[in-house]
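As a plain string of letters, each chain reads:
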Amino acid sequence: MILALVIGEAMWAQVVHQVRPNETLGGIARKYGVSVGALQAFNGIANPNLLFVGKKLKIPSSQASEVSYVVKKGDSLGSIASRFGVKVSTLTLVNKITRPDLIRVGQKLIVPLKGGNLKPASSLLSSTVKRSLDGIRPKSGKWKRIVIHHSATPTDDAMNMHRVHKARGMKNGLAYHFVISNGSRKASDGEIFMGGRWKDQLDGGHMKSLTYNRTSIGICLIGNFELRAPTTQQMNSLEGLCEYLMKRCGIRVDQVTTHKILHRNHTKCPGKYFSLPSLVKRISS
Ligand SMILES: [Zn+2]
């Protein structure tokens, strides 16, 4: 399939490369300092492993840091992202998209093409959040997994949850280590709240099992995801936070899980509109 590209004029100072035996798209991309995704997009190559000797490839200018792409029927943000070899989160960030499910045919998207333009996930975290995370030394070997929850309420905030949990008899209050707001009450959308249990490296109170509480980092997203999906900002923050914690605590991507997966017959948390596979795809790419 050929991609319809709208390309800035400066990029048409075109270099053409004729494929020689034993060349790979990756090798050619490296040679010209462009991404494989950009080569694929420019030349309508769906399968980068099928490259014919003698094929003439248009090489995008290595100065080009982005192209604009017009959304066509059948496109999703995910399909566009994988076509260009970028992350969905990069597209949502660069294009300030708040509802990734609501892109429309004819919409013009900016697609960053070069490594320098692609933000690593940890930059999804604000410098303030990153600084406070950096200020805590995780107990070595303690944290084996990350468990994701929802609040199951449309609105709430971490301080209120802290009070409620305390009133329920939890002496350490807020049962989760982190809370990610959906913009309700006083917090802003995607805001990460670090609970006292993370600051003091205490067991969570978010699971039924003592063993899980001892070894699992609990992250709660505000919202009822049985009724609607988390916000884009919440997912961006969750992605950044998970990647940070995985790296810091040595947690593998297959140990990022949900309450429901660990307590199958006991809860629907974090709800049917929370997609673990799409999170995993983002944090493992
Ligand atoms: Zn839960």
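Residues numbered from 1 in each chain as written. Predicted model: local features only at pLDDT ≥ 70, side-chain atom pairs only at ≥ 80, totals over all residues.

## Structural notes on the environment of His-266
Within the element layout of this structure, His-266 appears in the loop between helix 10 (259–262) and helix 11 (276–284). When the C-alpha positions of His-266 and Lys-208 are compared, they lie 9.4 Å apart, and in sequence the two are 58 residues distant. (Helix = DSSP H or I, 4+ residues; strand = E, 2+ residues; numbered from the N terminus.)

## A short note on the sheet that holds strand 6 (residues 145–150)
Strand order in the open sheet formed by 5 strands is 8-7-9-6-10, and the pairing between neighbours is mixed. The open sheet has two edge strands, strand 8 (189–194) and strand 10 (256–258), and neither has a second partner. Between one strand axis and the next, the sheet turns by 25 degrees as a mean value, whatever way the strands run. Both strand 7 (residues 178–182) and strand 9 (residues 216–221) contribute to a ladder of 3 bridges, which runs parallel. Each residue of the ladder has a partner; that of Phe-178, found in strand 9, is Ile-219. Here helix 9 (residues 232–249) sits on the sheet in contact with strand 6, strand 7, strand 8, strand 9 and strand 10, set at roughly 35 degrees to strand 8. (Pairing = 2+ DSSP bridges. Axes fitted to C-alpha atoms, helices over the stretch in contact; angles between N-to-C directions. Contact = placed C-beta atoms within 7 Å.)

## Focus: the nonpolar core
Formed by 30 residues in total, the largest nonpolar core has its most connected members in Ile-146, Phe-178, Val-179, Ile-180, Ile-219 and Leu-241. Mapped by element, the contributors of at least two residues to this core are strand 6, helix 6 (158–167), strand 7, strand 8, strand 9 and helix 9. No other element matches the 6 residues that helix 9 contributes to this core. Setting aside chain neighbours within four positions, we find Phe-178 in contact with Ile-192, Phe-193, Met-194, Gly-195, Trp-198, Ile-219 and Leu-241. (Core = buried A, V, L, I, M, F, W, Y, C linked by C-beta atoms within 7 Å. Buried ≥ 20, exposed ≤ 12 C-beta atoms within 10 Å, placed from the backbone.)

## Details of the confidence of the model for the protein chain
Summing up the model confidence of the protein chain, the mean pLDDT is 85 and the portion of residues at 70 or higher is 89%. Under a pLDDT of 50 for its full length, residues 1–13 has, in the predicted model, 19 contacts with residues more than four places off or in other chains. Across residues 115–119 the pLDDT falls below 50, and counting only partners more than four positions away or on other chains, this stretch makes 10 contacts in the model. (pLDDT = per-residue confidence, 0-100.)

## Side note on the pairing of strand 7
For a regular strand, side chains alternate in direction, first toward one face of the sheet and then toward the other. Among the 5 residues that make up strand 7, 5 are buried, leaving the element largely enclosed by the rest of the structure. Side chains of strand 7 alternate between two faces, with Phe-178, Ile-180 and Asn-182 and Val-179 and Ser-181 buried alike. Here strand 7 runs beside strand 8; their pairing, made up of 4 bridges, is antiparallel. Among the inter-strand pairings, Asn-182 is bridged to a residue of strand 8, identified as Asp-189. Connecting strand 7 to the next strand, strand 8, in antiparallel fashion are 6 residues, including Gly-183 with a positive phi near 90 degrees.

## Points about helix 6
An α-helical segment advances 3.6 residues per turn. Residues three or four places apart therefore align on the same side. Along helix 6, the residues classified as buried are Ala-158, Met-161 and His-162. Buried residues of helix 6, viewed axially, fall in a sector of 105 degrees; they line one side. For helix 6, the exposed residues lying more than 90 degrees away from the buried face are Arg-163 and Ala-167. The inward-facing, buried residues of helix 6 abut strand 7 and strand 8. Positive phi shows up at Gly-169, right after helix 6, with a value of about 105 degrees. (Arc of directions from axis to C-beta.)

## Quick look at the environment of Ile-192
Relative to the assigned elements, Ile-192 resides in strand 8. Apart from the residues within four sequence positions on either side, Ile-192 is in contact with Val-129, Phe-178, Ile-180, Ser-237 and Leu-241.

## Thoughts on the packing of helix 9 against helix 11
Where helix 9 contacts helix 11, the two axes come as close as 10 Å, and the packing angle between them is 55 degrees. Between helix 9 and helix 11, the interaxial angle falls into the category oblique. The handedness of the crossing between helix 9 and helix 11 comes out as right-handed. Here Leu-238, Glu-239, Cys-242 and Glu-243 of helix 9 lie close against helix 11, whose contacting residues are Leu-279, Arg-282 and Ile-283. Class assignment for the residues of the contact of helix 9 with helix 11 results in 4 nonpolar, no polar and 3 charged. (Parallel < 35°, antiparallel > 145°, perpendicular 65-115°, else oblique. Left-handed = near helix turned anticlockwise from the far one by under 90°. Nonpolar A, V, L, I, M, F, W, Y, C, P; charged D, E, K, R; others polar.)

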